[in-house]
Amino acid sequence: MKRDWSLGLALPLSLMVHQATLAETIELQVFPVNGPEQGCPKKVIAYQTRQPYQEGGYATDGMVSLSAIATNITLAPKEPFSATWIGTLKPQYRNCEGTAGMISIDGQDHTGPSYIRLQMVKGKAKVVLDMTGIRDANGFTSQILKRSLRRGNPRWTWGGTD
């Protein structure tokens, strides 16, 4: 037993350890502009993992598998409420003209706003993580806390107050 001095209680250690949080799988469905013959991918996969709770707020780590369809990915200049990554579409997708948005999280329909979006135009792929209109529990705009690239894939952390 470990003593939780803030409450004056003895709690089993197992109750004081955060369980590992599993990543949620987000499916972005691709919507070609002029039909499937353009050679667009059918979907792109993203992942998000909620960080352990911290008093006063929450944060979610995420990434999108952009390297599955694009190369030479870079992070665009910082914007106040969004992050953008741009890459060159791989040869098999270079003629794709279309967009993609979130349709499911862990196989369950996603009916809210798509804060992860993908645009494929003129041989380029652009992923946008956009917090515009995404509010936290207190009615504040959710914030992008971190944006980066790892192994050719966009990575981020976003969060808000609770």
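Placed above this text is the structure.
Residues numbered from 1 in each chain as written. Predicted model: local features only at pLDDT ≥ 70, side-chain atom pairs only at ≥ 80, totals over all residues. Heavy atoms only, no water.

Chemist: Go over the side chain of H110 with me, naming the residues and quoting the values.
Modeler: Locating H110 in the fold gives a position in the loop between β9 (108-109) and β10 (116-121). Side-chain polar atoms of H110 contact the backbone oxygen of G112, separated by 3.3 Å. Residues contacting H110, with those up to four places away along its chain left out, are M102, I103, S104 and I105. (Helix = DSSP H or I, 4+ residues; strand = E, 2+ residues; numbered from the N terminus. Polar contact = N/O pair within 3.5 Å; in protein donor to acceptor, adjacent residues only side chain to side chain. Contact = heavy atoms within 4.5 Å.)

Chemist: Can you explain the state of the cysteines? Please cite residues and give values.
Modeler: Across all of its chains, the model carries one disulfide by this definition. With a sulfur-sulfur separation of 2.0 Å, C40 is cross-linked through a disulfide to C96. Judged by the torsion about the S-S bond (100°), the C40/C96 disulfide is right-handed. Linking C40 in the loop between β3 (24-32) and β4 (43-50) with C96 in the loop between β7 (82-89) and β8 (98-105), this pair joins segments that are 56 residues apart in sequence. (Disulfide = S-S within 2.5 Å.)

Chemist: Before we move on, can you summarise the pairing of β3 with the specific residues and values?
Modeler: Bridge count between β3 and β4: six bridges; the pairing is antiparallel. Across the sheet, E27 pairs through a bridge with I45, a residue of β4. Across seven bridges, the pairing between β3 and β8 is antiparallel. Within the sheet, the bridge partner assigned to P32 lies in β8 and is G98. (Pairing = 2+ DSSP bridges.)

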